[in-house]
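Residues per chain, in single letters:
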Amino acid sequence: MAKKSSEKAEKSEKTEKLINKNDIRVDGRKLNDLRPVKLEVGILANADGSAYIEQGKNKILAGVYGPKELHPKHLALPDRALLHCRYHMAPFSVQERKSPAPSRREIELSKVIRESLEPSIFTEYYPRTSIDLFIEVLQADGGTRCAGITIASLALADAGIPMRDLVSACAAGKVEGHLVLDLTDTEDKAGEADLPVAFMPNFNAITLLQMDGKLTSEEFEQAVGMAVEGCKQIYTHQKEALKAKYLVKEEAVEE
Ligand code: ADP
């Protein structure tokens, strides 16, 4: 009997729809809606630059230190700054406690996040120095690499590091046969594909493109377009967050 009821529970879990017949998702969003985004710049007094994001249930903090002297010196690059990036998920950021030690996933994400931001920074202005970037995921619900890139770029700008453009990031994917924007953890796990994109809006240039799962070539093109549109919306939020910190201060100075 117990087995039967557990089988039933498993079956109802499998048949539970993530997108209803009106194309509305479990959290009430339409297919191409972002989750609610809240961004704040300059919240860590001891960092040179910092930013915080809440995107749906994600809560992530980024801090930038530098450009500063590099130790050990032999790691220094003669023609540009070394960008060092650490993406880390706190043990309490997911339902089951996560080991605080860096996992293979975190090491990989640190690398791809660094590579997605490097094209935006004038690293050549600061030879032989390092710029250290820390991304701390306090609460995770899918799409943390993209949200991490979004705030890392803001933290770099807040640190006054010269940049070609902000980098904005957002994922698209496929769930129950529909292309969707900004997947939650549940949608990511149950869905057919996840495609994180980072984008420099003023250059119309993609700096990160990954894909997990399967899409046809038409779906792939559509999903990239959808993610880029999501990045453009994120870019608007980023600019507002920078203005909220710096324009208010400038106005106060004028008075
Ligand atoms: P992203 O967060 O960029 O989408 P993944 O696709 O690797 O990266 O992870 C998707 C989600 O899976 C994360 O946002 C998080 O909610 C969850 N997750 C990742 N690692 C763990 C872990 N060790 N334990 C539990 N959940 C995790």
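Cut-offs applied
- Residues numbered from 1 in each chain as written.
- Predicted model: local features only at pLDDT ≥ 70, side-chain atom pairs only at ≥ 80, totals over all residues.
- Heavy atoms only, no water.
- pLDDT = per-residue confidence, 0-100.
- Contact = heavy atoms within 4.5 Å.
- Near = heavy atom within 4 Å.
- Polar contact = N/O pair within 3.5 Å; in protein donor to acceptor, adjacent residues only side chain to side chain.
- Areas by Shrake-Rupley, 256 points an atom, 1.4 Å probe, with all protein chains shown as cover.
- Helix = DSSP H or I, 4+ residues; strand = E, 2+ residues; numbered from the N terminus.
- Nonpolar A, V, L, I, M, F, W, Y, C, P; charged D, E, K, R; others polar.
- Pairing = 2+ DSSP bridges.
- Buried < 20%, exposed > 50% of the residue type's maximum accessible area, 1.4 Å probe, protein only.
- Salt bridge = Lys/Arg side-chain N within 4 Å of Asp/Glu carboxyl O.
- Axes fitted to C-alpha atoms, helices over the stretch in contact; angles between N-to-C directions.

**Brief notes about the confidence of the model for the chain**
Mean pLDDT over the chain works out to 93, with 91% of the residues at or above the 70 mark. Note on residues 1–13: pLDDT under 50 across the span, and zero contacts to partners over four residues away in sequence or across chains.

**Details of the site of the ligand**
Around the ligand sit 13 residues, and of these Arg-105, Gly-142, Gly-143, Thr-144 and Arg-145 come closest. Asp-188 places a side-chain nitrogen or oxygen 3.1 Å from an oxygen atom of the ligand. Coverage of the ligand by the protein amounts to 76% of the 540 Å² it exposes when considered alone. For the shell around the ligand, the elements supplying multiple residues, two or more each, are α3 (144–158) and α4 (185–190). The biggest single contributor to the shell around the ligand is α4, with three residues. Of the residues belonging to the shell around the ligand, the class tally is three nonpolar, three polar and seven charged.

**Observations concerning the pairing of strand β7 (residues 178–181)**
In this structure, strand β6 (residues 168–175) lies alongside β7, joined through four bridges in antiparallel fashion. Within β7, the residue paired with Ala-172 across the bridge is Leu-181. Between the end of β6 and the start of β7, which pair antiparallel, lie two residues, with Glu-176 showing a positive phi angle near 50°.

**Considerations on the side chain of Thr-129**
Inspection of the secondary structure assignment puts Thr-129 in strand β5 (residues 129–139). Here Thr-129 falls in the buried class, since its relative accessible area comes to 15%. Residues in contact with Thr-129, not counting those within four places in the same chain, are Pro-67, Lys-68, Leu-70, Arg-80, Ala-81 and Leu-82.

**A look at unusual backbone geometry**
It is generally the case that most residues other than glycine have a negative phi and that most peptide bonds are trans. Look at the link from Gly-66 to Pro-67: it is a cis peptide, with omega at 0°. Residue placement: Pro-67 occurs in strand β3 (residues 58–69). Following His-71, the chain continues to Pro-72 via a peptide bond in cis, the omega torsion being -5°. Looking at where Pro-72 falls in the secondary structure, it is placed in the loop between β3 and β4 (82–89). The phi torsion at Asp-23 lies on the positive side, around 65°, for a residue other than glycine. Within the secondary structure, Asp-23 sits in the loop between α1 (2–15) and β1 (37–41). The phi dihedral of Asn-204 falls on the positive side, at around 50°, and the residue is not glycine. Tracing the backbone through its elements, the reader meets Asn-204 in the loop between β8 (193–200) and β9 (205–209).

**Thoughts on the pattern of salt bridges**
As enumerated under the stated definition, the model contains 19 salt bridges in all. The shortest N-O distance in the salt bridge between Lys-174 and Glu-219 comes to 3.0 Å. Within this pair, whereas Lys-174 is found in strand β6, its partner Glu-219 is found in helix α5 (residues 217–254), the two being separated by 45 residues in sequence. Like Glu-219, Lys-174 is buried. In this structure, Asp-185 and Lys-189 form a salt bridge, with 2.6 Å as the shortest nitrogen-oxygen distance. Of the two residues, Asp-185 and Lys-189 both sit in helix α4, four residues apart, roughly one turn of that helix. For Asp-185, a relative accessible area of 27% translates into the label partly exposed.

**Quick word on the sheet that holds strand β2 (residues 49–55)**
As summarised here, the arrangement of the five strands in space is β1-β2-β3-β5-β4, forming an open sheet in which the pairing is mixed. Strands at the two margins of the open sheet, each flanked by one partner only, are β1 and β4. Taking the axes of each pair of neighbouring strands and ignoring which way they run, one obtains an average angle of 15° across the sheet. Direction of pairing for β1 relative to β2: antiparallel, over a ladder of five bridges. Bridge pairing in β2 places Lys-38 opposite Glu-54. Its contacts with the sheet put helix α2 (residues 104–117) on β4 and β5, and the angle it makes with β4 is roughly 140°.

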